[in-house]
Amino acid sequence: QAWSYFRRRKFRECADVCSQLLERPPSEQVAGAGPGRAAAAAWSLKTRALTEMVYVDEIDMDQEGIAEMILDENAVAQVARPGTSLKLPGTGQGGGPSPAVRPVTQSGRPITGFVRPSTQGGRPSTMEQAIRTPRTALTARPITSASGGYIRPGTASMLTNPDGPFINLSRLNLTKYAQKPKLAKALFEYIFHHENDIKNALDLAALATEHAQFKDWWWKVQIGKCYYRLGLYREAEKQFKSALKQQDMVDTFLYLAKVYLRLDQPVTALNLFKQGLERFPGEVTLICGIARIYEEMNNISSAAEYYKDVLKQDNTHVEAIACIGSNHFYSDQPEIALRFYRRLLQMGVYNCQLFNNLGLCCFYAQQYDMTLSSFERALFLAENEEETADVWYNLGHVAVGIGDLNLAYQCFKLTLVNNNDYAEAYNNLAVLEMRKGHTEQARALLQTASSLAPHMYEPHFNIAILSEKVGDLQRSYTAAQKSEEAFPGHVDTQQLLKQLKEHFAML
């Protein structure tokens, strides 16, 4: 019965039946089984059921908390060559749209078409920025760093047992369990995922590897996972490489690539994925990994090619469809982007973000009848205030596009009601205030925008223009320099700087 529950993924019921089996006195154990055999089977099944309840796939889970960002002792080259680092992605080398068209995150990467842990944030340079992340990086969450453990909300309450924990880790004789490979694997997963006790898990894995005479690749991968969670990336790399020598596994390639990305070596990770594709031709996760890295390095055209390869292998891959769609949108092809987003809708993706994107595509493709109904649906489906703010902000853009500035003003105000840290809305409100001739209000709004999102060039440029108009040339010059820092290729900024330098030369 317990096994049947487990197969049907009813883990709570499975654990309860196993508990009843374990509570029976030895005399009542199942006939025909040895006295310890049934207990061992029930114990093993219960550990697996409890693990499955809180299991999080380590490959995709790459949330870097503030603790890891600030306390990371791994030295990485401060000034890497352009195109070899994720911290300084090459600008415009891959034919990607400039920041004038495609918004960028704090670290200067283009915003991707699909939100994943780690793509949005990029390491902020200061602690202050990490805590006060702007809306383009909602991932620097201080709670679920590796120290807190990846327990999903909702399951934590189910973990508490009335009579104390199921397994008391401090009393376990790890050496005894390490000699029973089948029990040891279930126990390791339980300690790693359920208890989140990386040190004990590592001890057990080390003993089990020793018992298997260093010939079991599975244990090497587990040791590598423990080292990765403990921040010992070079040790993790050795274990994963050793495991790959014994057995080619897609998962091991993905774990090793995670290590290289954390060490800021995207080129090594790309080469590793390409080696993996020689062994496993057409493996979707590896092709997708290559595409993600190219996208984060701002090499958009290569990323799009690889996402198309992903769709040749798996034509229902949501991430690939979304990323190709957003790439077409920012490359000024809204009609083609619309087809990709409609494909997602046909596949059953039904959320606020998708309707938001559909509304924008319809607007830029001049299908005005569909625009407002898409945004209405997006507002209806918004789950939190950030999403509502995004929709109102885009509605403000539509209003500017059709020339209704009063409506635009209302929409940007509603954006700030829902999300007070929305730098783009502050910037656009300031532009509308300047149109009305309210210089002081515009200046205050622009200063708010530039402090919330120092990586955006627009607020700095607008402050420079405004200051130059009222004759405050010094402030105009400093703001223009910040704008140039954020977006070196902006022609208007360079012209303004040139004018100001001529002014100062005349003085």
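Residues numbered from 1 in each chain as written. Predicted model: local features only at pLDDT ≥ 70, side-chain atom pairs only at ≥ 80, totals over all residues. Heavy atoms only, no water.

**Focus on the UniProt feature "repeat: TPR" (unreviewed entry) in the protein chain**
How we decide: UniProt positions are given in the numbering used here, feature names are shortened, and annotations may be inferred rather than shown by experiment. Strands are runs of DSSP state E lasting at least 2 residues, helices are runs of H or I lasting at least 4, and numbering of each runs from the N terminus.
In this structure's numbering, the residues bearing the UniProt feature "repeat: TPR" (unreviewed entry) are residues 423–456. For the annotated span residues 423–456, helix accounts for 82% and strand for 0% of the residues, and the straight-line distance between the end C-alpha atoms is 9 Å.

**A word on the side chain of N419**
Keep this limit in mind: With a 1.4 Å probe rolled over the protein chains alone, any residue whose accessible area is under 20% of its type maximum counts as buried; one over 50% counts as exposed, and the rest are partly exposed. Polar contacts, as counted here, are pairs of nitrogen or oxygen atoms within 3.5 Å of one another; within protein the pair requires one atom able to donate a hydrogen and one able to accept it, and residues that are adjacent in sequence qualify only if both atoms are side-chain atoms.
Mapped onto the elements of the fold, N419 is located in the loop between helix 21 (405–418) and helix 22 (423–436). Looking at N419, the relative accessible area reads 9%, which means it is buried. Separated by 3.1 Å, the side chain of N419 and the backbone nitrogen of D421 make a polar contact.

**Comments concerning the confidence of the model for the protein chain**
Stated formally: For every residue, the predictor assigns a confidence score, pLDDT, that lies between 0 and 100. What makes two residues a contact is simply this: any of their non-hydrogen atoms within 4.5 Å.
Taken as a whole, the protein chain shows an average pLDDT of 85; of its residues, 82% reach a score of 70 or greater. Counting contacts from residues 134–160, a segment whose pLDDT is below 50, to residues more than four positions away or on other chains yields 60 contacts.

**Focus on the packing of helix 8 (residues 181–195) against helix 9 (residues 198–211)**
Helices that pack against each other are described as a pair by the angle of their axes relative to one another and the distance between those axes. Applied cut-off: Whenever a helix is involved, its axis is fitted only over the stretch in contact; in every case the axis is a line through C-alpha atoms, and angles between N-to-C directions fall within 0 to 180 degrees. The cut-offs work like this: below 35 degrees is roughly parallel, past 145 is roughly antiparallel, 65 to 115 is roughly perpendicular, and the gaps in between are oblique. In this scheme the crossing of two helices becomes right-handed for a clockwise turn of the near helix relative to the far one and left-handed for an anticlockwise turn of less than a right angle. Lys, Arg, Asp and Glu make up the charged group, whereas Ala, Val, Leu, Ile, Met, Phe, Trp, Tyr, Cys and Pro make up the nonpolar group; the residues left over, Gly among them, are polar.
Contact pair helix 8 / helix 9: the axes reach a minimum separation of 8 Å and the direction vectors enclose 160 degrees. Considered as vectors, helix 8 and helix 9 are oriented roughly antiparallel to each other. Along this stretch, helix 8 crosses helix 9, giving a crossing that reads as left-handed. Counting all contacts with helix 8, which are made through A184, L187, F188, I191 and F192, the residues of helix 9 involved are I198, N200, A201, L204 and A205. Taken together, the residues that form the contact of helix 8 with helix 9 break down as nine nonpolar, one polar and no charged.

**Concerning the packing of aromatic side chains**
For the record, the criterion: In this scheme Phe, Tyr and Trp rings, the latter by its six-membered ring, pair at centre separations within 6.5 Å, and the angle between planes marks the pair as stacked below 30 degrees, edge-to-face above 60, and tilted otherwise.
Using the criterion set out here, one finds 20 aromatic pairs in the structure. Their ring planes at 55 degrees and their centres at 5.5 Å tell us that Y228 and Y233 sit as a pair that is tilted. As far as the burial class goes, Y228 and Y233 line up, both buried. Look at F253 and F280: their rings are 6.3 Å apart centre to centre, the planes differ by 85 degrees, and that puts the pair in the edge-to-face class. With a gap of 27 residues between them, F253 in helix 12 (residues 250–262) and F280 in the loop between helix 13 (266–279) and helix 14 (284–296) connect regions that are remote in the sequence. On the accessibility criterion, F253 (1% relative accessible area) is buried. Owing to a relative accessible area of 23%, F280 belongs among the partly exposed residues under this scheme. Through a chain of ring-to-ring contacts, three or more aromatic side chains come together here, namely F329, Y330, F363, Y364 and Y368.

**Topic: the pattern of salt bridges**
Where side chains of opposite charge bring their charged atoms close, a pairing between them can arise. What counts is decided by this rule: A carboxyl oxygen of Asp or Glu within 4 Å of a side-chain nitrogen of Lys or Arg is what we treat as a salt bridge.
What the rule picks out here adds up to 10 salt bridges. Ionic pairing is found between E237 and K241, a salt bridge with its closest N-O pair at 3.3 Å. Taken together, the residues span about one helical turn, with E237 and K241 both in helix 11 (residues 233–246) at a distance of four residues. Classification of E237 as buried rests on a relative accessible area of 10%.

**Description of unusual backbone geometry**
The phi angle at R9 is positive, at roughly 60 degrees, despite the residue not being glycine. By the element assignment, R9 lies in the loop between helix 1 (2–7) and helix 2 (11–23). With relative accessibility at 57%, the residue R9 sits in the exposed group. Positive phi, normally seen in glycine, also occurs at N196, with a value near 55 degrees. Turning to its location among the elements, N196 is positioned in the loop between helix 8 and helix 9.

**Details of helix 17 (residues 334–346)**
Our working rule: Here, expected helix span is obtained from the residue count minus one, scaled by 1.5 Å. To obtain the arc, one takes the directions from the helix axis to the C-beta atoms.
Here helix 17 is 13 residues long and its end C-alpha atoms lie 18 Å apart, about the 18 Å a rise of 1.5 Å per residue gives. For helix 17, the complete set of buried residues consists of P334, A337, L338, Y341 and L344. Projection of helix 17 onto a plane perpendicular to its axis shows the buried side chains occupying an angular sector of 115 degrees, all on one side. Counted as exposed and oriented over 90 degrees from the buried face of helix 17: R339 and Q346. Structurally, helix 17 contributes buried residues whose contacts are with helix 16 (318–330) and helix 18 (352–364). Within two residues after helix 17, G348 carries a phi angle of roughly 100 degrees, on the positive side.

**Looking at the environment of H328**
Here H328 lies in helix 16. For H328, a relative accessible area of 14% puts it in the buried group. Considering only alpha carbons, one finds H328 and F340, 12 residues apart in sequence, at a separation of 9.2 Å. Once residues lying within four places of it in the same chain are set aside, the contact partners of H328 are Q333, P334, I336, A337 and F340.

**Some details on the state of the cysteines**
The term disulfide refers to a covalent linkage connecting the sulfur atoms of a pair of cysteines. We apply this condition: Put simply, a disulfide is two cysteine sulfurs that come within 2.5 Å.
For the structure on display, the rule yields zero disulfides. Free of any disulfide, C362 has its nearest cysteine sulfur in C361, 7.0 Å distant.

**Details of the packing of helix 8 against helix 10 (residues 217–229)**
Close contact between helix 8 and helix 10 brings their axes to 12 Å; oriented N to C, the two are set at 15 degrees. Classified by the interaxial angle, the pair formed by helix 8 and helix 10 is roughly parallel. Seen from above, helix 8 lies across helix 10 with left-handed handedness. Here helix 8 contributes A184, K185, F188, E189, F192 and H193 to the contact with helix 10, which in turn contributes W218, W219, Q222, K225, C226 and R229. Looking at the contact of helix 8 with helix 10 residue by residue, the class counts come to six nonpolar, two polar and four charged.

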